[in-house]
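Spelled out, the chains give:
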Amino acid sequence: MRNALLVAGREIGSYGRSLLGWAIGAAALLVEGVWFSANGLSGSRMSADVLREFFNGASGVTMIVAVLMSIPLLAGERERGTLVLLNTAPIRDIEIIVGKYLAALAMIALITLISVYMPLLIFVNGKVSLGHVAVGYAGIVLLGSAALSIGMFTSAVSRSQVMAAILGGLMLAVMVTLWLVAKVTEPPVNSVLSGLALHHQRQFPFMTGVLKLENVVYYVAVTYFFLLAATKTLEARRWR
Amino acid sequence: MALKPKEAAPAAEKAPEAKAGSAEKPAAAPGWAPFLVPAFVGSLVLVFIGERLLGNIESARLVFSALGALGAVGATALRFVHASGEKDPERRKIERTLSIFSALGLVALAIYFAANTEVGRRALGILDATPDKRARFDGASTVAWVVLILVSVLPLVFGEIALAPMRRAPRVEVRRVRAATIAGLSLSLAVAYAALFTYAAGELDVKADFSYFRTAKASESTKKIVTSAPDTVEVRAFFPPLNDVGTEVEGYLADIARSAPNFKYGFYDRLLHPQLAKDNKVTQDAVIVILRGPTRETLTLDKEMNKAAAKLKTLDADFQKALLKAMKEQRTAYFTVGHGELNEAAGAAAAEGRTAKILRRLLESQNYVVKDLGMPQGLANTVPEDASIVVVLGPTQAFLPEEVTSLEKYAARGGKLLLALDPETKGDLAPLAAIADLSFDPTVLATTDQLFVPRRRNASDKANLVSNRFSSHASVSTLSRVSQRAVVLVPVAGSLDKKAGSEPKVDFVLRSSGGVFADKNGNYELDGDEKKTTHNLAAAVTKPIGDGADKSKVKGPQEMRAFVVADADALSDLALGVAETNQLFVVDAVRWLGGDESFSGEIVTPEDVRIEHTKQKDVFWFYGTIIGAPALLFGVGLLVTRRSRRTAGRKA
């Protein structure tokens, strides 16, 4: 774990020194702001609806940010030829994966949380509970964590960043739209597909301020699985 | 690709054994060996197509499933044959491992066919088992075959990927193949565990609701109504599968089912159960049917969440209304007219909120049909037989003696009266109060406390009283339970008292605070001979039915009941619209009058706040959120990165 934290610290430092990290954060804020103004501040709407719409938009932005941030983590290193340095370091594959994941997750959480002034603006003229705001953010961070792990997996299996981006985007799109497929299939396949869907059914309770253990476990499970898959992919160079 | 140091390590270890350049020939692996895994996986796909995609076409299902099963058995058998015939001990070890994973796949298929075919179920004795046992078996067998398929296929595929480059090599590396199969096994077990954990968490249904504004929860009142039913109350909800609105409704119904053993509910897809939908006269989605015996009531929502959201917020009130209709026969509430009552207010009075639309709606929600009762309807002669309640709501003119007599006779034969008297009236309301053996003092009350509702921002506001001094009477049971945080708004009230020597049982259910005085000179100041004391603001009166009355025709409880309020404005739209507690006050009173006091309790209708904007504010927020914050963050980023570059340059 100590090695993983060392990797995480190094990654976070590089995010801070790179203008790209700040630019991604600013872009995320910009898109969330436009969404909030367009959907939340237009017309006369109920406070809870405005908050739900904000979380809906923010969750989409977070997924995209998560994939963008995860792509360079392994595919970028491989492209630059620096992955070999990590491979030769006295550090296990799982520590590399966990370290990079923790750093990216910390950045995603930070980027997400600095938008907190938007839901707080609702208090000016409306009425929502702080618990609702906290649960909404918890949902977004969990979704970001799952999207990040998917991105890390595609980054681990791809040789180039472009391929990782395409693959990551594709996987995420499939995972998000599974609920649409579930709508046209029959039981019990439809319940399996909708249970696997990353956003629709899982994220909605968070948006409305309901924290369900089932959804938390789901996001943790997805994150765990894809991180494990990414680790196994790194390990696979020994047996392929 | 260049060999990386770590990758080179295993090869280097094996170098002495491999003896590079030696003339050792590759082992004679049969040409079909590499195709065993694709054949096995392909066979499983054929079974899937047969069972899942072509399940409705019996002949196609048989062909595909049989071909798939035979293919899987054949591939596994060949794998075992190949393993036993392999002379190289390392290759034999690998083939045996892969054979075991392949055999696990066959076990999965066997479980699937045993659990899903009539022959298999009969052989296992599941066909005759109890529904509970059948459901448990189905669940367990499904989990078992799905997990076994995963545990079989992933390690097989991973192992084959590792083995493929070594098939024609002189020697194979067992450790590589083992590492690959273990990786596959880990991933398949991770999927299985993750799925099972998520499923188990879903079954636990642990949740914390922090939403300020949400789908209404089932109220205690609704649960009491269901529990009070002597027989089963069944609800059939017709929603498309995986519908968001249906999910919300299911949570609501599940909440009732947890506390009411006689409550059953089921969700049905209208298109999959056309006969059931027809029997229940359901022709569209998002319909809730409440069944109690032969009685059927329906509640219609919308299947789209954005359209149904508003109705979900009042689901408890709407469901309770439909439930009451199913539980009890519809009753009639008569509102007296012709004396300037609130229910016929117009013009300036209506503009001020001295109307009774909300009260009418509340009565309808309690399964009453509301009708007018005045001279044209025969009030001067008698109150109609079908009257369950007669409401006299703030008359501004006196009733004719004949009308009062008619109401007295109605009370004597076990009638139920809701009398809302008002001090701001020209007529004498004493005869009306006397029907309930009360005296009404129209002197307006004012308070010396700071507890009043400001309206005109002058001294007259001191007459806008609020009170939370409830008795423990059934007609105010809900409010008395929450009296610490609930007050009833009583603007410009008179006061009530018991008539000397009266027989009926009188309970003053709402009293003013001790700082209230009868403002005789109308200056809203405590002066002259005015004294601070507690005044009675509402009373619940009961009296036995008079001799000679036909008890079989009495609606509701077998006694006269009257609920008298010394301020009609407390029941006006103005007060009921502002204070939800006033709604509770009147609903509980109506329930007590109708003998439904056991149903008392709050109806859950959470209130949301609409966000109103001004254009100026919008502009400020727009630029603040869209331009300000991102620009600030980017600016900070520029500063930080520049500084770190400068520092790095200096160090260099």
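Worth saying up front: this structure is predicted, and the values here are computed from it rather than measured.

Colleague: Can you help me understand the overall build of chain B in this one?
Modeller: For chain B, the count of helices and strands is 20 helices and 20 strands. Among the 652 residues that make up chain B, the fraction classed as buried is 46%. The long-range fraction of contacts in chain B, counting pairs at least 24 apart against all pairs at least 6 apart in sequence, stands at 72%. Total accessible area on chain B is roughly 32100 Å²; 58% of this is exposed by carbon and sulfur atoms.

Colleague: I would appreciate a short explanation of the overall build of chain A in the present structure.
Modeller: Helix and strand counts for chain A stand at eleven helices and two strands. Reading chain A from its N terminus to its C terminus gives the helix and strand order α-α-β-α-α-α-α-α-α-α-α-β-α. Among the 240 residues that make up chain A, the fraction classed as buried is 56%. Sequence-distant contacts in chain A: of pairs separated by 6 or more residues, those separated by 24 or more amount to 72%.

Colleague: In this structure, what is going on with the UniProt feature "transmembrane region" (unreviewed entry) in chain B? I would like to understand it.
Modeller: Residue and element names in this part refer to chain B. Here the UniProt feature "transmembrane region" (unreviewed entry) sits at residues 32-50, 62-82, 94-115, 143-165, 177-201 and 620-641. Counting secondary structure, residues 94-115 comes out at 100% helix and 0% strand; the distance between its end C-alpha atoms is 32 Å. Across residues 143-165 one finds 91% helix and 0% strand; the C-alpha atoms that close the span lie 35 Å apart.

Colleague: Help me understand helix 3 (residues 47-80) of chain A, please; the structure alone is not making it clear to me.
Modeller: Each α-helix winds once per 3.6 residues, and so residues spaced three or four apart point in a common direction. Residue and element names in this part refer to chain A. End to end, helix 3 covers 48 Å across 34 residues, agreeing with the expected 50 Å (1.5 Å per residue, within 8%). At Leu74, helix 3 shows its strongest bend, of approximately 35°. Counting buried residues along helix 3, 26 of its 34 residues qualify, which places the element largely inside the surrounding structure. Note on helix 3: the residue one or two positions beyond its end, Gly81, has a positive phi of about 80°.

Colleague: When you look at the packing of helix 3 of chain A against helix 10 (residues 200-207) of chain A in this model, what are you seeing that I'm missing?
Modeller: To characterise two packed helices, one gives the angle between the axes of the helices and the distance between these axes. All names here are of chain A. Running from N to C, helix 3 and helix 10 cross one another at 135°; their axes reach a closest spacing of 9 Å. Judged by the angle between their axes, helix 3 and helix 10 are oblique. The way helix 3 lies across helix 10 gives a crossing that is right-handed. Here Arg52, Phe55, Asn56 and Ser59 of helix 3 come into contact with helix 10, specifically with Gln203, Phe204 and Met207. A class-by-class count of the residues in the contact of helix 3 with helix 10 yields three nonpolar, three polar and one charged.

Colleague: Help me understand a nonpolar patch on the surface, please; the structure alone is not making it clear to me.
Modeller: Residues and elements named next belong to chain A. The grouping of Val116, Leu120, Phe123 and Leu130 at the surface amounts to a nonpolar patch, some 330 Å² of accessible area in total. Relative to the helices and strands, Leu130 resides in helix 7 (residues 130-157). Classification of Leu130 by relative accessible area gives exposed; the value is 58%.

Colleague: Can you help me understand the UniProt feature "transmembrane region" (unreviewed entry) in chain A in this one?
Modeller: All names here are of chain A. Taking the UniProt record as the reference, the feature "transmembrane region" (unreviewed entry) is found at residues 20-38, 58-76, 101-124, 130-150, 162-182 and 216-234. Each end of residues 20-38 is marked by a C-alpha atom, and these two atoms are 27 Å apart; helix forms 100% of the span and strand 0%. Across residues 101-124, the secondary structure splits into 88% helix and 0% strand, with the terminal C-alpha atoms separated by 37 Å.

Colleague: Is there a simple way to think about the nonpolar core in this case?
Modeller: A general tendency of soluble globular proteins is for nonpolar side chains to be buried together. One finds A:Val65, A:Met69, A:Leu74, A:Leu198 and A:Tyr219 to be the most contacted residues of the largest nonpolar core, which totals 76 residues. Sequence-distant contacts of A:Met69, defined by excluding residues within four places in its chain, comprise A:Tyr15, A:Ile24, A:Met107, A:Ile108 and A:Ile111. Judged by nonpolar contacts, the second largest core, of 45 residues, contains B:Phe563, B:Ala568, B:Val587 and B:Trp592.

Colleague: Help me understand the sheet that holds strand 2 (residues 233-238) of chain B in this model?
Modeller: The pairing of strands in a sheet happens through backbone hydrogen bonds and is either parallel or antiparallel. Residue and element names in this part refer to chain B. In spatial order, the strands read 3-2-4-5; together these four strands make up an open sheet with mixed pairing. What marks the edges here is a single partner per strand, and that holds for strand 3 (263-268) and strand 5 (295-300). Adjacent strand axes in the sheet meet at a mean angle of 20° when their direction is disregarded. Where strand 2 lies against strand 4 (residues 287-292), five bridges are found, and the strand directions are antiparallel.

Colleague: Looking at this structure, how should I read a positive patch on the surface?
Modeller: Residues B:Arg642, B:Arg643, B:Arg645, B:Arg646 and B:Arg650 make up a contiguous surface patch of positive charge. Positionally, B:Arg650 belongs in helix 20 (residues 615-651).

Colleague: Is there a simple way to think about the side chain of B:Asn536 in this case?
Modeller: Residue and element names in this part refer to chain B. Topologically, Asn536 is positioned in strand 18 (residues 536-543). According to the relative accessible area criterion, Asn536 is buried, its value standing at 9%. A distance of 3.2 Å separates polar atoms of two side chains, one belonging to Asn536 and the other to Arg511. Leave out the neighbours within four places in its chain, and Asn536 touches Gly494, Ser495, Leu496, Asp497, Phe508, Leu510, Arg511 and Ala566.

Colleague: Looking at this structure, how should I read unusual backbone geometry?
Modeller: If a residue is not glycine, its phi is most likely negative; likewise, a peptide bond is most likely trans. Residue and element names in this part refer to chain B. Backbone geometry places Lys281, a non-glycine residue, at a positive phi of 55°. Along the chain, the position of Lys281 falls in the loop between helix 10 (274-279) and strand 4. Of the residues examined, Lys281 reaches a relative accessible area of 62% and is grouped as exposed. Although it is not a glycine, Val492 sits at a positive phi angle of roughly 55°. Looking at the secondary structure, you find Val492 in the loop between strand 14 (488-491) and strand 15 (495-498). When its relative accessible area of 15% is taken as the criterion, Val492 is described as buried.

Colleague: Would you mind going over helix 11 (residues 305-313) of chain B with me for this structure?
Modeller: All names here are of chain B. Looking at helix 11, one finds that the buried residues are Met305, Ala308, Ala309, Leu312 and Lys313. Down the axis of helix 11, the buried side of the element spans an arc of 140°, and every buried residue falls inside it. Looking at helix 11, the residues exposed on the side facing more than 90 degrees away from the buried face are Lys307 and Ala310.

Colleague: Any chance you could explain the packing of aromatic side chains here in plain terms?
Modeller: For any pair of aromatic rings, the description consists of the separation of the ring centres together with the inter-plane angle of the planes. Per the stated rule, a full pass over the model turns up 17 aromatic pairs over all chains. Seen from their ring centres, B:Phe263 and B:Tyr265 are 6.4 Å apart, and the 35° between their planes marks the pair as tilted. For B:Phe263, a relative accessible area of 5% gives the class buried. Feature note: the residues A:Phe36, A:Phe54, A:Phe55 and A:Tyr137 constitute an aromatic cluster, connected by ring pairs. Across from the ring centre of A:Tyr218, 4.3 Å away, lies the NZ or CZ of A:Arg202, which sits over that ring.

Colleague: I keep staring at the pattern of salt bridges and nothing clicks. Help me out?
Modeller: Applying the stated criterion across every chain, the model contains 28 salt bridges over all chains. For B:Arg258, the salt bridge is made with B:Asp255, and the minimal N-O distance between the two is 3.8 Å. Of this pair, B:Arg258 and B:Asp255 both sit in helix 9 (residues 244-259), three residues apart, which is roughly one turn of that helix. For B:Arg258, a relative accessible area of 60% puts it in the exposed group. Three or more residues joined by partner-sharing salt bridges are found here, namely A:Arg10, A:Glu11, A:Glu77 and A:Lys100.

Procedures and definitions
Residues numbered from 1 in each chain as written. Chains lettered and ligands numbered in written order. Predicted model: local features only at pLDDT ≥ 70, side-chain atom pairs only at ≥ 80, totals over all residues. Heavy atoms only, no water. Helix = DSSP H or I, 4+ residues; strand = E, 2+ residues; numbered from the N terminus. Buried < 20%, exposed > 50% of the residue type's maximum accessible area, 1.4 Å probe, protein only. Contact = heavy atoms within 4.5 Å. Areas by Shrake-Rupley, 256 points an atom, 1.4 Å probe, with all protein chains shown as cover. UniProt positions renumbered as here; feature names shortened; annotations may be inferred. Expected span 1.5 Å × (residues − 1). Bend = angle between axes of the 7 residues up to and from the residue. Axes fitted to C-alpha atoms, helices over the stretch in contact; angles between N-to-C directions. Parallel < 35°, antiparallel > 145°, perpendicular 65-115°, else oblique. Left-handed = near helix turned anticlockwise from the far one by under 90°. Nonpolar A, V, L, I, M, F, W, Y, C, P; charged D, E, K, R; others polar. Patch = residues over 30% accessible without salt bridge, like charges linked within 9 Å, V, L, I, M, F, W, Y side chains within 5 Å. Salt bridge = Lys/Arg side-chain N within 4 Å of Asp/Glu carboxyl O. Core = buried A, V, L, I, M, F, W, Y, C linked by side-chain atoms within 4.5 Å. Pairing = 2+ DSSP bridges. Lys, Arg positive; Asp, Glu negative; His and termini not counted. Charge placed at Lys NZ, Arg CZ, Asp CG, Glu CD. Polar contact = N/O pair within 3.5 Å; in protein donor to acceptor, adjacent residues only side chain to side chain. Arc of directions from axis to C-beta. Phe/Tyr/Trp six-rings, centres within 6.5 Å; stacked < 30°, edge-to-face > 60°. Lys NZ or Arg CZ within 6 Å of the ring centre and 35° of its normal.

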